[in-house]
Amino acid sequence: MNSISSNQPLTSLNIFSGKGVQMRTFHITWLTFFFCFFAWFGMASLMPIAKEQLHLTKDQLGNIQIASVSATILARLLVGRFVDKFGPRLVYTWLLVICSAPVLLIGTSQSYESFLLFRLAIGIIGASFVITQFHTSVMFAPSIKGTANATAGGFGNAGAGLANITMPLIAAGFVGLGFCTHEDSWRYAMIVPGVLLLIFAFIYVRYTKDLPNGNYKDLGITNKNKENTFMLAIKDYRTWVLTVAYAACFGVEITIDNFAPIYFVDTFSASLKTAGICAGIFGMINIFARPLGGIVADKVGKIYGFSGKNLLLALLLILEGIGIIFFGLTHQLGVAIFLMFLFGMSLKMANGATYSLVPFINPKAVGSVAGIVGAGGNIGAMLIAFLFKAKAVKITKNVIDESGVSKTKDLIDYTNAFYVLGIIILITGIIVLVVKLLVTNEEDKPTEYE
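Residues numbered from 1 in each chain as written. Predicted model: local features only at pLDDT ≥ 70, side-chain atom pairs only at ≥ 80, totals over all residues. Heavy atoms only, no water.

Chemist: Got a sec to walk through a nonpolar patch on the surface? Specific residues and values, please.
Modeler: Taken together, Ile277, Ile281, Met284, Ile287, Phe288, Phe338, Phe341 and Leu342 make up a surface patch of nonpolar side chains, about 720 Å² in accessible area. Where the nonpolar patch is concerned, the elements lending two or more residues are helix H13 (272–284), helix H14 (286–329) and helix H15 (333–357). On the secondary structure map, Phe338 appears in helix H15. (Patch = residues over 30% accessible without salt bridge, like charges linked within 9 Å, V, L, I, M, F, W, Y side chains within 5 Å. Areas by Shrake-Rupley, 256 points an atom, 1.4 Å probe, with all protein chains shown as cover. Salt bridge = Lys/Arg side-chain N within 4 Å of Asp/Glu carboxyl O. Helix = DSSP H or I, 4+ residues; strand = E, 2+ residues; numbered from the N terminus.)

Chemist: Summarise the nonpolar core; cite the residues concerned and give the values.
Modeler: Core analysis: the largest hydrophobic core is formed by 130 residues, its most contacted members being Met43, Phe115, Phe264, Phe327 and Phe388. A total of 16 residues in this core trace back to one element, the largest contributor, which is helix H12 (residues 237–268). Apart from residues no more than four positions distant in its own chain, Met43 is found in contact with Ala50, Ile106, Phe115, Arg119, Trp186 and Met190. (Core = buried A, V, L, I, M, F, W, Y, C linked by side-chain atoms within 4.5 Å. Buried < 20%, exposed > 50% of the residue type's maximum accessible area, 1.4 Å probe, protein only. Contact = heavy atoms within 4.5 Å.)

Chemist: Can you tell me about the environment of Pro9, naming the residues and giving the values?
Modeler: If you trace the backbone, Pro9 turns up in the segment before helix H1 (20–40). Exposure remark for Pro9: the relative accessible area of 18% places this residue in the buried category. Distance from Pro9 to Ala141, taken between C-alpha atoms, is 5.1 Å for residues 132 residues apart in sequence.

Chemist: Got a sec to walk through the environment of Thr243? Specific residues and values, please.
Modeler: You can see Thr243 is positioned in helix H12. The sequence separation of Thr243 and Thr354 amounts to 111 residues, and the corresponding C-alpha distance is 8.9 Å.

Chemist: Describe the state of the cysteines, and please don't skip the residues or the numbers.
Modeler: A complete count under the given rule lists 0 disulfides for this structure. The thiol sulfur of Cys36 is not disulfide-bonded, and the nearest other cysteine sulfur, from Cys99, lies at 7.4 Å. Taking relative accessible area as the criterion, Cys99 reaches 1% and is therefore assigned buried. (Disulfide = S-S within 2.5 Å.)

Chemist: Residues and numbers for the packing of helix H7 (residues 145–176) against H14, please.
Modeler: Their axes nearest at 7 Å, the elements H7 and H14 cross at an angle of 170 degrees. One way to sum up the angle between H7 and H14 is to call them roughly antiparallel. On H14, the residues touching Lys145, Gly146, Thr147, Ala150, Thr151, Gly153, Gly154, Phe155, Asn157 and Ala158 of H7 are Asn286, Ile287, Arg290, Pro291, Gly294, Ile295 and Asp298. (Axes fitted to C-alpha atoms, helices over the stretch in contact; angles between N-to-C directions. Parallel < 35°, antiparallel > 145°, perpendicular 65-115°, else oblique.)

Chemist: Can you tell me about the packing of aromatic side chains, naming the residues and giving the values?
Modeler: Under the criterion given, the structure shown has 30 aromatic pairs. Judged by centre distance (5.7 Å) and plane angle (70 degrees), the ring pair of Phe115 and Trp186 falls under edge-to-face. Placement of the pair is Phe115 in helix H5 (residues 112–122) and Trp186 in helix H8 (residues 185–189), with a sequence separation of 71 residues. The same class applies to Phe115 as to Trp186, namely buried. Between Tyr263 and Phe268, the ring centres sit 5.6 Å apart and the planes meet at 90 degrees, which makes this aromatic pair edge-to-face. The residues Tyr263 and Phe268 share a single accessibility class, namely buried. One aromatic cluster is present, built from ring pairs that chain together Phe33, Phe37, Trp40, Phe41, Phe129, Tyr246, Phe250 and Tyr355. Here the guanidinium or amino end of Arg206 rests over the ring plane of Tyr207, the centre of that ring lying 5.0 Å away. Above the plane of the ring of Phe282 lies Lys348, whose end atom (NZ or CZ) is 4.1 Å from the centre. (Phe/Tyr/Trp six-rings, centres within 6.5 Å; stacked < 30°, edge-to-face > 60°. Lys NZ or Arg CZ within 6 Å of the ring centre and 35° of its normal.)

Chemist: So what's going on with H1? Which residues, and what values?
Modeler: In a regular helix each residue adds 1.5 Å, so 21 residues correspond to 30 Å; H1 covers 30 Å between its end C-alpha atoms and thus fits that length. Of all 21 residues making up H1, 18 are buried, and the element is well covered by its neighbours. (Expected span 1.5 Å × (residues − 1).)

Chemist: An account of the side chain of Thr29 is needed here, citing residue identities and associated values.
Modeler: Tracing the backbone through its elements, the reader meets Thr29 in helix H1. Given the relative accessible area of 0%, Thr29 is considered buried. A distance of 3.0 Å separates a polar atom in the side chain of Thr29 from a polar atom in the side chain of Tyr204. Once residues lying within four places of it in the same chain are set aside, the contact partners of Thr29 are Tyr92, Thr132, His135, Thr136 and Tyr204. (Polar contact = N/O pair within 3.5 Å; in protein donor to acceptor, adjacent residues only side chain to side chain.)

Chemist: So what about the packing of H14 against H15? Which residues, and what values?
Modeler: Relative orientation of the contacting elements H14 and H15 amounts to 150 degrees, with a least axis distance of 5 Å. Considering the relative orientation of H14 and H15, their crossing is left-handed. Looking at side-chain class alone, the contact of H14 with H15 contains 26 nonpolar, 10 polar and 4 charged residues. (Left-handed = near helix turned anticlockwise from the far one by under 90°. Nonpolar A, V, L, I, M, F, W, Y, C, P; charged D, E, K, R; others polar.)

Chemist: Could you give me a rundown of the environment of Leu433, with the residues and numbers involved?
Modeler: Here Leu433 lies in helix H17 (residues 415–438). Sequence spacing of Leu433 and Leu311 is 122 residues, and the spatial spacing of their C-alpha atoms is 6.3 Å. Ignoring sequence-local partners within four residues, the contact set of Leu433 consists of Leu311, Ala314 and Ile318.

Chemist: Lay out unusual backbone geometry with the relevant residues and their values.
Modeler: Although it is not a glycine, His55 sits at a positive phi angle of roughly 55 degrees. Topologically, His55 is positioned in the loop between helix H2 (47–54) and helix H3 (58–86). When its relative accessible area of 67% is taken as the criterion, His55 is described as exposed.

Chemist: An account of H14 is needed here, citing residue identities and associated values.
Modeler: Given a rise of 1.5 Å per residue, 44 residues ought to cover 64 Å, yet the end C-alpha atoms of H14 are separated by just 25 Å, more than 12% below that figure. At Tyr304, H14 shows its maximal kink, close to 135 degrees. (Bend = angle between axes of the 7 residues up to and from the residue.)

Encoded structure:
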């Protein structure tokens, strides 16, 4: 059993402890990741104001949404390679500094084109996930890597939820203090997450280390003696299995976050408040469901090894797909909320289970594997966004507005999109299961990070 004061990976995770470089790094990295997600999704709840002021159309809003997740794909691939070569401490610091610029400057946008470019650039901050997963992987022993990764990921993802709740309040605060009008409040509000990124850049470089026993530079780990970890990662078929799996769970998570509110409003005639609460329930599941996926995966791994974790992931994806299919078929709001909770549990546990496997694909290429798999999640989100544009059914209904007047309103029904998505996820889970059953000659015993 490693003590907290040692310079070796820890064999246990005590989230209430901050002692030792391992636990200090764990808390700093998930907090940094939390505010990266806060900055990434900071504009989400402010979009109604920006939409009105910039006169954005429905198609333009769709393009902005796709752009916000597209840049993350390439960024995660590059950052995964960089973190293997230069270490997580410096790479995270530079990522935070670079991404603070578009977050701070998006408020200067005066047109759809400039807003789109800034939103695309902000998406690069999503690569922070790769560094977070790498850093927690190297700070903990194999028996606890899944739990540590999933806990850091789940806590960090909650930053998006906090952004949805607090950014409108921050905008209103600037208006109340007389700094701006309501129309310009979104511009001033985005200064807050930009400044937070710079603050955590300082904290990260000052108070973390690359490895439990020191930084890359101090340990003599240089670029010259590092293998091409990206090539090591892409040559292993298991990297691609996890990439597809992550597209089927994290990619769906981003989709639900973006489309659930309008789905509940337009399909079930729910109020904006009710729809917001329903979408909030889905987001809050992250706090415990993703860590639970990592914990269960670690326990399964101790008994059945890598193969057992892979089987768990396949079953979670199958359950997720079945849940989404029935979610798309139901016509009752209460049942839909219940099904969303059920498939949300499977989905977020699958997120955690996926990254409990990542550190064991190749111990020499943890960053590159994490980057490729993480990029897969955003590729999934981007492709699913196109699916929803194609499968969205426009309907016209007579609705009663807040003043009690009957009006004809155009609504969007995503029922077909959710049904088709569920089938795709179900098939993906079956494919992961078949690959696991066909290939049985892989080493199951976990290996210490080198």
